Amino acid sequence: MSHPSSSLRRLVAASCLLASCGAFAFSLSDLSNQDATAGLKAALEKGANTAVSNLGRQNGFLDNDKVKIHLPSALEQAMPIIRMTGQGAQVDALVTDMNHAAEAAVPLAKPLLVNAVKSMSVTDAKNILSGGDTSVTDFFRQKTSGDLAVKFLPIVKQITDKNGLSGRYNAVMGQVAKTGLVSGDQSTVEGYVTQRALDGLFLMIGEEEKAIRKDPVGTGSAIIGKVFGALH
């Protein structure tokens, strides 16, 4: 079948064709305002909860190559020299601490993500349905990224400050940032880890969204299966 139009009219037609009986057909108003919104909210909650629980557990970042936080490239290039000076173990410990800091911060995202779901408007729902494979993730990023960064930063700083290298990292990277060779968010350990933690969170929400879109019935949710199934 062809992709649904942004008006959702063709989405309704697709839903009717997929329904096993005409008795289960809904009007445009029912689908756009009731079913579509309910289905999207269920999908949003599922994607957010799964991502948070997978990342916010022990080694949630360290054991996941897709989101593991490495040193900024400017420092990675200097690692051979750093190891020659006998500081390799300290740097490895800093990388471990950075990932544990992200893992500790991510659970703070859950209430903000839930609030974003509750605040979703019918317009938001239509934009998500007519958007691409990551429109759910884009919605979350737009609604929550600023507030999440504010919440994550002090938690991350509390953990990374315990590592003796964090202060030296900040001193060195602060100078490098002035040259424009690295972005501002890499100038401190806590800023860098906070941004990488957010990137990892939205990446994993995106993975969940793609899985839902690929197999909506497999989610076990009737409303997700109905709404996202109609998009196939």
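The structure displayed is predicted, hence computed values, not measured ones.

**Topic: the overall build of the protein chain**
So, step 1. When helices and strands are tallied, the protein chain shows 11 helices and 0 strands.
So, step 2. In the protein chain, the succession of α and β elements from N to C terminus is α-α-α-α-α-α-α-α-α-α-α.
So, step 3. Split into buried and exposed, the 232 residues of the protein chain put 42% on the buried side.
So, step 4. A sequence separation of at least 24 residues applies to 73% of the contacts in the protein chain between residues at least 6 apart.
So, step 5. For the protein chain, the exposed area adds up to about 11400 Å²; of that, 55% sits on carbon and sulfur atoms.

**Overview of the environment of glycine 146**
So, step 1. With respect to the helices, strands and loops of the structure, glycine 146 is situated in helix H8 (residues 135–160).
So, step 2. On the basis of relative accessible area, glycine 146 is assigned to the partly exposed category, the value being 46%.
So, step 3. Along the primary structure glycine 146 and leucine 198 are separated by 52 residues, whereas in three dimensions their C-alpha atoms are 9.9 Å apart.

**Quick look at the packing of H8 against helix H10 (residues 189–214)**
So, step 1. Closest axis-to-axis distance for the H8/H10 pair is 8 Å, and the angle between their directions is 145°. With respect to the hand of their crossing, H8 and H10 are arranged in right-handed fashion.
So, step 2. Split into classes, the residues belonging to the contact of H8 with H10 amount to 14 nonpolar, 8 polar and 6 charged.

**Points about the nonpolar core**
So, step 1. With 51 residues, the main nonpolar core has Phe61, Met98, Phe140, Leu148, Phe152, Val193 and Leu201 as its most contacted residues.
So, step 2. Elements with a minimum of two residues in this core: helix H2 (28–55), helix H5 (88–105), helix H6 (109–118), helix H7 (122–130), H8, helix H9 (165–178), H10 and helix H11 (222–229).
So, step 3. Per element, the largest residue contribution to this core is 10 residues, and it comes from H10.
So, step 4. Sequence-distant contacts of phenylalanine 61, that is, excluding residues within four places in its chain, are made with Leu55, Val67, Lys68, Ile69, Asn99, Ala102, Glu103, Val106, Arg196, Ala197 and Gly200.

**Observations regarding the packing of H6 against H8**
Two numbers describe a pair of packed helices, the interaxial angle and the distance between the axes.
So, step 1. Where H6 meets H8, the closest approach of the two axes is 10 Å, and the angle between their N-to-C directions is 150°. Taken together, the axis directions place H6 and H8 in an arrangement best described as roughly antiparallel. Every pair of crossing elements has a handedness; the one defined by H6 and H8 is right-handed. Contact with H6, carried on its side by Ala109, Leu112, Leu113, Ala116 and Val117, involves Phe139, Phe140, Lys143, Thr144, Asp147, Leu148, Lys151 and Phe152 of H8 and no other residues of that element.
So, step 2. Of the residues in the contact of H6 with H8, the class split is 9 nonpolar, 1 polar and 3 charged.

**With respect to the pattern of salt bridges**
So, step 1. What the rule picks out here adds up to 6 salt bridges.
So, step 2. Of the charged contacts, one joins lysine 157 and aspartate 161 as a salt bridge, the two residues approaching to 3.2 Å between their closest N and O atoms.
So, step 3. Given the relative accessible area of 34%, lysine 157 is considered partly exposed.
So, step 4. Judged by relative accessible area, aspartate 161 falls into the partly exposed class, the value being 40%.
So, step 5. Note that glutamate 190 and lysine 157 form a salt bridge whose closest N and O atoms lie 3.6 Å from each other. Taken as a pair, glutamate 190 in helix H10 and lysine 157 in helix H8 lie far apart in primary sequence, 33 residues in all.
So, step 6. Here the residues in one salt-bridge network are Lys157, Asp161 and Glu190, joined through shared partners.

Thresholds, definitions, all that
- Residues numbered from 1 in each chain as written.
- Predicted model: local features only at pLDDT ≥ 70, side-chain atom pairs only at ≥ 80, totals over all residues.
- Heavy atoms only, no water.
- Helix = DSSP H or I, 4+ residues; strand = E, 2+ residues; numbered from the N terminus.
- Buried < 20%, exposed > 50% of the residue type's maximum accessible area, 1.4 Å probe, protein only.
- Contact = heavy atoms within 4.5 Å.
- Areas by Shrake-Rupley, 256 points an atom, 1.4 Å probe, with all protein chains shown as cover.
- Axes fitted to C-alpha atoms, helices over the stretch in contact; angles between N-to-C directions.
- Left-handed = near helix turned anticlockwise from the far one by under 90°.
- Nonpolar A, V, L, I, M, F, W, Y, C, P; charged D, E, K, R; others polar.
- Core = buried A, V, L, I, M, F, W, Y, C linked by side-chain atoms within 4.5 Å.
- Parallel < 35°, antiparallel > 145°, perpendicular 65-115°, else oblique.
- Salt bridge = Lys/Arg side-chain N within 4 Å of Asp/Glu carboxyl O.

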